[in-house]
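# Architecture at a glance
Next come the chains, spelled out residue by residue.
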Amino acid sequence: METKHAMSPLIRFLFIATMLIGTFTMSISQSSLSTAYPTLMTYFGVSADTIQWLTTGFMIVMCITMPISPWLLNNMSFKRLFALVLILFDFGTLIIYLGNNFPIVMLGRVMEAAAVGVLFPSYQTVLLEITPEKKRGTIMGVAGLVMGSALACGPIISGIVLHYTTWRGLFVFFMTVITLILIVSFFVMKDVMVRKETKLDWLSIFYTLGLVGLLYFISEIGRGNANYTELGIILVVSLVMLTLFVYRQLHIKNPLLDLWVMKSFNYDLSVLLTGFSYISLIAVTIIFPLYYQQVLHVSPFISGMALVPGAALLSFLNPLTGTLADKFGFKSTMIFGMCMIVIGWGLLTCLHLTNIWGMILIAMLIEGGNAFVMMPAVTLGANSLPDELISHGTAVITTIRQVLGSTGVTVATLILVNFTKMASNSGKSLPVANQFGFHAVYITFFVISIIGLVIAMMIRNTKKDSK
């Protein structure tokens, strides 16, 4: 079996580059449709609430497939796993491209999400496994290009593609790149993980469906026509299933997801911190394009291009912040980043900006702050764990981050819709009502960012003994 010690520098470079480019392309699909919502609503004849499920549903499916990644890494060659994930994503994208109604497109999105959900924690685990601890901050900073920059680049690429072609062109782009990566992977990918074969615990997988119910409850509870009795039942059943999942993971010999990683308080803080920074990042990529189009009345192309400076800054800073964390410590790096995020949301709370350039600068501040927080938090969390638990630790941190991100998007959308409606019903004009709704969102995320700053101050630098 190949190990991390068997790769030459060239093969190692090609291995990491192929893995990151493939993951980057698949990651773009998570946020790429936000700019295309108006186009898709018109094409399929559905409401905004329905079209939102192309993103919300994507994130939910990601959440329920992420916990399976440690088992897959332990029981399957990474080279084979990587190829299968790319094929699943490619096939799902083809279904979307050929789809002529919303349910078919949603099916394709589910397949895409399942692939991304498996790959997200897997590629982080592999990078951590093949990298010495003293260099993990740097390599995970590069990995941050995938997680952060791809999320920010999604609406940008979508805006450019929609400017020159139809919405199907976006999925042609995905299929082309992933197919090329799949071909390259047959030559450069290696089996770098030590396998420990175990039986797949299907009951644990069934219990993870509680995440679906929980996120569905969160997304539906704030709607005006919500059935509260039905939602109450869904919430209770979901919480019971998640409780059973946690209990089972703590009491069986080979858990699907080893939750004993949570006994490290420093790791728990890292989980929360990466989630809070992710919420701010995803809010910028989802909420800001809406603000540009609904309040500033710019085109989808301009709203996408307005995210370029923030994404470029995030891409530039991610590798740098990893190196800074290795050199000066993770805690100071993350506190600095959270301060940037707090200042960004604070400015939006205090100011009423009607100029796109001011919004771009604030987006750069928030996204730049994220580069100092999210991947350093992931790395610090991994450094708080023994090596044999890293795959479980990255799966837990990625799943919780995704749940918090999904919740953040849903809460932001509900606040925006309900506060805008409230202002409109009180007699305010539509432009003023829109401003009122967005301001309520800004206040909410300002409070969330302050909580994140407090968590960063509580965390401590952790170093394992060198092996």
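Here we summarise the structure given alongside this text.

The rules we used
Residues numbered from 1 in each chain as written. Predicted model: local features only at pLDDT ≥ 70, side-chain atom pairs only at ≥ 80, totals over all residues. Heavy atoms only, no water. Phe/Tyr/Trp six-rings, centres within 6.5 Å; stacked < 30°, edge-to-face > 60°. Helix = DSSP H or I, 4+ residues; strand = E, 2+ residues; numbered from the N terminus. Buried < 20%, exposed > 50% of the residue type's maximum accessible area, 1.4 Å probe, protein only. Disulfide = S-S within 2.5 Å. Salt bridge = Lys/Arg side-chain N within 4 Å of Asp/Glu carboxyl O. Core = buried A, V, L, I, M, F, W, Y, C linked by side-chain atoms within 4.5 Å.

## Considerations on the packing of aromatic side chains
The geometry of an aromatic ring pair comes down to the distance between the two centres and the angle between the two planes. As enumerated under the stated definition, the model contains 21 aromatic pairs in all. A ring pair is formed by F44 and F102, whose centres lie 6.5 Å apart and whose planes are at 75 degrees; its orientation type is edge-to-face. Here F44, found in helix α2 (residues 37–44), pairs with F102, found in helix α7 (residues 102–129); they are 58 residues apart in sequence, far enough to count as distant. Relative accessible area serves as the criterion here: at 15%, F102 is assigned to the buried category. Plain terms: the ring middles of F89 and F174 are 6.4 Å apart, the flat faces sit at 70 degrees to each other, and that makes the pair edge-to-face. Of this pair, F89 sits in helix α6 (residues 78–98) while F174 sits in helix α9 (residues 168–188); the two residues are 85 residues apart in sequence, bridging distant segments of the chain. A network of ring pairs unites the aromatic residues Y43, F44, F89, F102, W167, F171, F173 and F174 as a single cluster.

## Quick notes on the state of the cysteines
Tallied over the full model, the rule gives zero disulfides. In this model C339 remains outside any disulfide bridge; the closest cysteine sulfur is found in C350, 16 Å from its own. Relative accessible area serves as the criterion here: at 31%, C339 is assigned to the partly exposed category.

## With respect to the pattern of salt bridges
Under the counting rule described, the total for this entry stands at two salt bridges. For R109, the salt bridge goes to E112, with nearest N and O atoms at 3.2 Å. Note that R109 and E112 are positioned in helix α7 at a spacing of three residues, about one turn of the helix. The two residues R109 and E112 agree in class, both being buried.

## Regarding the nonpolar core
Within the largest apolar cluster, 137 residues are counted, with the highest numbers of intra-cluster contacts made by F288, Y292 and W345. With 13 residues, α7 is the single largest residue contributor to this core. Grouped together as the second largest cluster of nonpolar side chains are twelve residues, L281, L317, A371 and F372 included.

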